[in-house]
Amino acid sequence: QVQLVESGGGLVQAGGSLRLSCANSGRTFSSYAMGWFRQAPGKAREFVAAISRSGGVTYYADSVKGRFTISRDNAKNTVYLQMNSLKPEDTAVYYCAAGERGTPTWLEGYDYWGQGTQVTVSS
């Protein structure tokens, strides 16, 4: 069973940084590709970043490329999202997800979701 719990969200000024974490309580964390998505009020949930099972392959949305970094520690069953140079438009609820096939960059490619963590960037 996969249970994902995000943490690390909060309020930060524009230009600041936050590091999100997503812990998986299951024993097969390394069997899943992991992704981060976000949803702003009134908008659809959108892809942010993804990482392969080994961590050797990563993908990013154009809007965060060069500012965000996804990484994972399979020994700790945790995936991270380091967010630098934050902008007000990064304000959203951030969700992590686990996928059983490939390293998807779309919502439907993921099978398990966390409950989300709020990130608010003030101008």
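Here, every reference points to the structure presented above.
Rules used in this analysis
Throughout, residues of each chain are indexed from 1 in the direction in which the sequence is written. Totals for whole chains, interfaces and linings use every residue, but because this is a predicted model, local features are given only for residues with pLDDT of at least 70 and side-chain atom pairs only at 80 or more, for both listing and counting. Excluding hydrogens and water, the side-chain values take into account all heavy atoms of the structure. A run of H or I in DSSP counts as a helix once it spans at least four residues, and a run of E counts as a strand once it spans at least two, with each numbered from the N terminus. Throughout, radius of gyration means the C-alpha value; the globule benchmark is 2.2 Å times the number of residues raised to the power 0.38. We call a residue buried when its accessible area falls under 20% of the maximum for its residue type, exposed when it is over 50%, and partly exposed in between, using a 1.4 Å probe and counting protein chains only. The contact definition used throughout considers only heavy atoms, calling two residues in contact when any of these lie within 4.5 Å. Here the Shrake-Rupley method, with its probe set to 1.4 Å, supplies the accessible areas, and only the displayed protein chains count as covering residues. Only four residue types enter the tally: Lys and Arg on the positive side, Asp and Glu on the negative side, with His and both chain ends excluded. Charge positions come from single atoms, namely NZ of Lys, CZ of Arg, CG of Asp or CD of Glu.

### Considerations on the overall build of the chain
Here is step 1 of the chain: The secondary structure content of the chain amounts to zero helices and eleven strands.
Here is step 2 of the chain: In the chain, the succession of α and β elements from N to C terminus is β-β-β-β-β-β-β-β-β-β-β.
Here is step 3 of the chain: On C-alpha atoms alone, the chain measures out to a radius of gyration of 13 Å, which is about the 14 Å that the 2.2 N^0.38 rule sets for 123 residues.
Here is step 4 of the chain: Principal-axis analysis of the C-alpha atoms places the extent of the chain at approximately 40 × 25 × 25 Å.
Here is step 5 of the chain: Per-residue burial for the chain yields a buried fraction of 44% across its 123 residues.
Here is step 6 of the chain: Within the chain, contacts between residues at least 6 apart in sequence are counted, and of these 58% link residues at least 24 apart.
Here is step 7 of the chain: Carbon and sulfur atoms make up 47% of the accessible area of the chain, which amounts to about 6,100 Å² in all.
Here is step 8 of the chain: Both charge centroids of the chain, one from 12 positive and one from 9 negative side chains, sit 4 Å from each other.

### Points about the side chain of T117
Here is step 1 of the chain: Within the secondary structure layout, T117 lies in strand β11 (residues 117-122).
Here is step 2 of the chain: In contact with T117, not counting residues within four places along its chain, are E6, S7, G8, G9, L20, A92, V93 and Y94.

Any functional reading would require information that these geometric values do not contain.
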